[in-house]
Protein chains: 2
Amino acid sequence: MKFCEDCGAPVQLAIPTGDHLPRFVCTACGHIHYRNPRLVVGCVPEHEQRILLCRRAIEPRRGYWTVPAGFMENGETLQQAAARESHEEALAEVTIGSLLAVVHVLHAEQVHVFFRARLPAARYSPGAESLEVALIAPQAIPWQDLAFRSTEFALRRYLEDKAAGVEAHHFHTIDQRPTAQSKA
Amino acid sequence: MKFCEDCGAPVQLAIPTGDHLPRFVCTACGHIHYRNPRLVVGCVPEHEQRILLCRRAIEPRRGYWTVPAGFMENGETLQQAAARESHEEALAEVTIGSLLAVVHVLHAEQVHVFFRARLPAARYSPGAESLEVALIAPQAIPWQDLAFRSTEFALRRYLEDKAAGVEAHHFHTIDQRPTAQSKA
């Protein structure tokens, strides 16, 4: 951020009175611009023991596989966001189920939230952001070609819980900031 | 948003190619500025059957009661955010427990996340954003003077679950947009 979105004047980093972190503060109007983590929401859609995966047509990680997921929009719930992303990326109508995983992706300043989901009918095809969409058996999941570590975390917990007959939710933190050791 | 934070030129609302919603797009550099829900994170700290509540010293809802909660910062986990807010608002060192509630506050473009928490020692006092902090028995909770409906939802589910001997998590949606019926 270089300019104030309210008045167009330059901003500078400063710690506002009573605050404890540097913020972008406008040099003209004084507006304080806070930056906060963004929510990425997805789901693991299952149809007859197979899981719906998408091969990404866009960066980052073009060509790699993921579950349907994307940035949450204003005006929708987490569950609506997960269903919308399945529709956009895989042209799939899913039924969102229980909370599966919450992954703090610290270096990306994102929180990834995943739900279990059912795909009642095996109808799907690639949306604009996907090269390919497929129903994949658990033993055929391309673990080495997954797009994101949060995707891998969600898929592994999904399969483990399913084998154990439970629907738990799982927290996880991934930190690839230059100054941090990975906590994954 | 009126100006581009990257180049300072005016922005205008437009639906980018391949998108389905209007975004703020810079008239000079073309940068697309997405707006997404912000995370507010808090907890319900308990000490010997009483709950730590704060009376707000700042707007919105100055003078009303809430659990410790606030905007999540970049670089922290949800649990760290909840603990930090308890420290800032109530000078309290809490131990964060299980996930309690996720409330979509659509009109505010926020997602509120609450955890259960323990306050091991009854040490607390008002932080800069609190007029007063108190350990309050469940039967003395000032329901009519709570600051936010999400706070009320979290507190009610907390007490119900405690009475039932469970630690579930609960989703809820509050929508006070002018064009929407309340779904609460």
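None of these values were measured; they are calculated from a predicted model.

1. Topic: the packing of aromatic side chains
Piece 1. Following the criterion strictly, the structure yields two aromatic pairs over all chains and no others.
Piece 2. Relative to Phe115 of chain B, the ring of Phe171 of chain A has its centre 5.8 Å away and its plane inclined at 45°; by these criteria the two rings are tilted. Taken as a pair, Phe171 of chain A in strand β11 (residues 170-174) and Phe115 of chain B in strand β9 (residues 110-118) lie in two separate chains rather than in one.
Piece 3. Among the residues examined, Phe115 of chain B registers a relative accessible area of 0% and is labelled buried.
Piece 4. Above the plane of the ring of Phe71 of chain B lies Arg38 of chain B, whose end atom (NZ or CZ) is 4.0 Å from the centre.

2. As for the relation of the copies chain A and chain B
Piece 1. The transform that puts chain A on chain B rotates by 180° and translates by 0.0 Å along the axis, for an RMSD of 0.0 Å. Here the transformation between the copies is reduced to the relation of a two-fold axis.
Piece 2. Of all interface residues in chain A, 100% are interface residues in chain B too; the two copies therefore contact each other through one and the same surface.

3. Describing the interface of chain A and chain B
Piece 1. On the chain B side, the residues contacting the 39 residues of chain A number 39 residues.
Piece 2. Together, the buried faces of chain A and chain B total about 3,400 Å²; carbon and sulfur atoms form 53% of this surface.
Piece 3. There are four salt bridges connecting chain A and chain B.
Piece 4. A salt bridge links Arg23 of chain A to Glu73 of chain B, with the shortest nitrogen-to-oxygen separation between them at 2.5 Å.
Piece 5. At the junction of chain A with chain B, the criterion picks out 18 residue pairs in polar contact (both at pLDDT 80 or more).
Piece 6. At the level of secondary structure, the elements contributing two or more residues to the side of chain A that touches chain B comprise β4 (38-47), α1 (78-90), β8 (95-105), β9 (110-118) and β11 of chain A.
Piece 7. With four residues, α1 of chain A is the largest single contributor of residues to the side of chain A that touches chain B.
Piece 8. Across the side of chain A that touches chain B, the residue classes tally to 17 nonpolar, ten polar and twelve charged.

The rules behind the values
- Residues numbered from 1 in each chain as written.
- Chains lettered and ligands numbered in written order.
- Predicted model: local features only at pLDDT ≥ 70, side-chain atom pairs only at ≥ 80, totals over all residues.
- Heavy atoms only, no water.
- Phe/Tyr/Trp six-rings, centres within 6.5 Å; stacked < 30°, edge-to-face > 60°.
- Helix = DSSP H or I, 4+ residues; strand = E, 2+ residues; numbered from the N terminus.
- Buried < 20%, exposed > 50% of the residue type's maximum accessible area, 1.4 Å probe, protein only.
- Lys NZ or Arg CZ within 6 Å of the ring centre and 35° of its normal.
- Least-squares fit on C-alpha atoms with pLDDT ≥ 70 in both.
- Contact = heavy atoms within 4.5 Å.
- Buried area = accessible area lost by both parts, 1.4 Å probe.
- Salt bridge = Lys/Arg side-chain N within 4 Å of Asp/Glu carboxyl O.
- Polar contact = N/O pair within 3.5 Å; in protein donor to acceptor, adjacent residues only side chain to side chain.
- Nonpolar A, V, L, I, M, F, W, Y, C, P; charged D, E, K, R; others polar.

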